[in-house]
Amino acid sequence: MDAVKRAFAVGAIVHSNATFCSTAKLSGVDQGGLSNLLQHTKAKAETSGLPIFDSILYENELGRWRPEILTQAPRRKLFFHKEQIKKRH
């Protein structure tokens, strides 16, 4: 689900009293997935002190409870280090 659909789903359930069933049909995600999305989004909002409608909560990386993805510089370091180890063996 993209960020817009995640925000729509949480907003529909939290602010408009839509049911999980009706929101699942509209979003194309099962009710268990919506439940997980809502739980994680609420937890993230509470721990970060952000309101539930803040857009960062629906973005792909940190807002969606995923760990930080390595940027290009650390990837290069890691690759270089792996190559150095291969050369030694």
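Our structure's up above, just so we're on the same page.
Residues numbered from 1 in each chain as written. Predicted model: local features only at pLDDT ≥ 70, side-chain atom pairs only at ≥ 80, totals over all residues. Heavy atoms only, no water.

Here we look at the environment of Ala3
Mapped onto the secondary structure, Ala3 falls in helix α1 (residues 3-15). As a C-alpha pair, Ala3 and Ser55 span 52 residues in sequence and 8.2 Å in three-dimensional space. (Helix = DSSP H or I, 4+ residues; strand = E, 2+ residues; numbered from the N terminus.)

With respect to the nonpolar core
With eleven residues, the main nonpolar core is built from Ala9, Val10, Ile13, Ala24, Leu34, Leu37, Leu38, Ala45, Ile52, Leu57 and Tyr58. When contributions to this core are tallied by element, the ones reaching two or more residues are α1 and α3 (31-48). It is α3 that contributes the most residues to this core, four residues altogether. Setting aside residues up to four positions removed in sequence, Leu38 forms contacts with Val10, Ile13, Val14 and Phe20. (Core = buried A, V, L, I, M, F, W, Y, C linked by side-chain atoms within 4.5 Å. Buried < 20%, exposed > 50% of the residue type's maximum accessible area, 1.4 Å probe, protein only. Contact = heavy atoms within 4.5 Å.)

Remarks on the packing of α1 against helix α2 (residues 20-27)
Running from N to C, α1 and α2 cross one another at 160°; their axes reach a closest spacing of 10 Å. The angle between α1 and α2 places the two elements in the roughly antiparallel class. For the pair α1 and α2, the sense of crossing is right-handed. Within the contact between the two elements, α1 uses Lys5, Phe8, Ala9, Ala12 and Ile13 and α2 uses Phe20, Thr23, Leu26 and Ser27. Classifying every residue of the contact of α1 with α2 gives six nonpolar, two polar and one charged. (Axes fitted to C-alpha atoms, helices over the stretch in contact; angles between N-to-C directions. Parallel < 35°, antiparallel > 145°, perpendicular 65-115°, else oblique. Left-handed = near helix turned anticlockwise from the far one by under 90°. Nonpolar A, V, L, I, M, F, W, Y, C, P; charged D, E, K, R; others polar.)

Observations concerning the side chain of Ser27
On the secondary structure map, Ser27 appears in helix α2. Of the polar contacts made by the side chain of Ser27, one reaches the backbone nitrogen of Val29; its length is 3.5 Å. If we ignore the near neighbours within four places in the chain, the residues touching Ser27 are Met1, Lys5 and Leu34. (Polar contact = N/O pair within 3.5 Å; in protein donor to acceptor, adjacent residues only side chain to side chain.)

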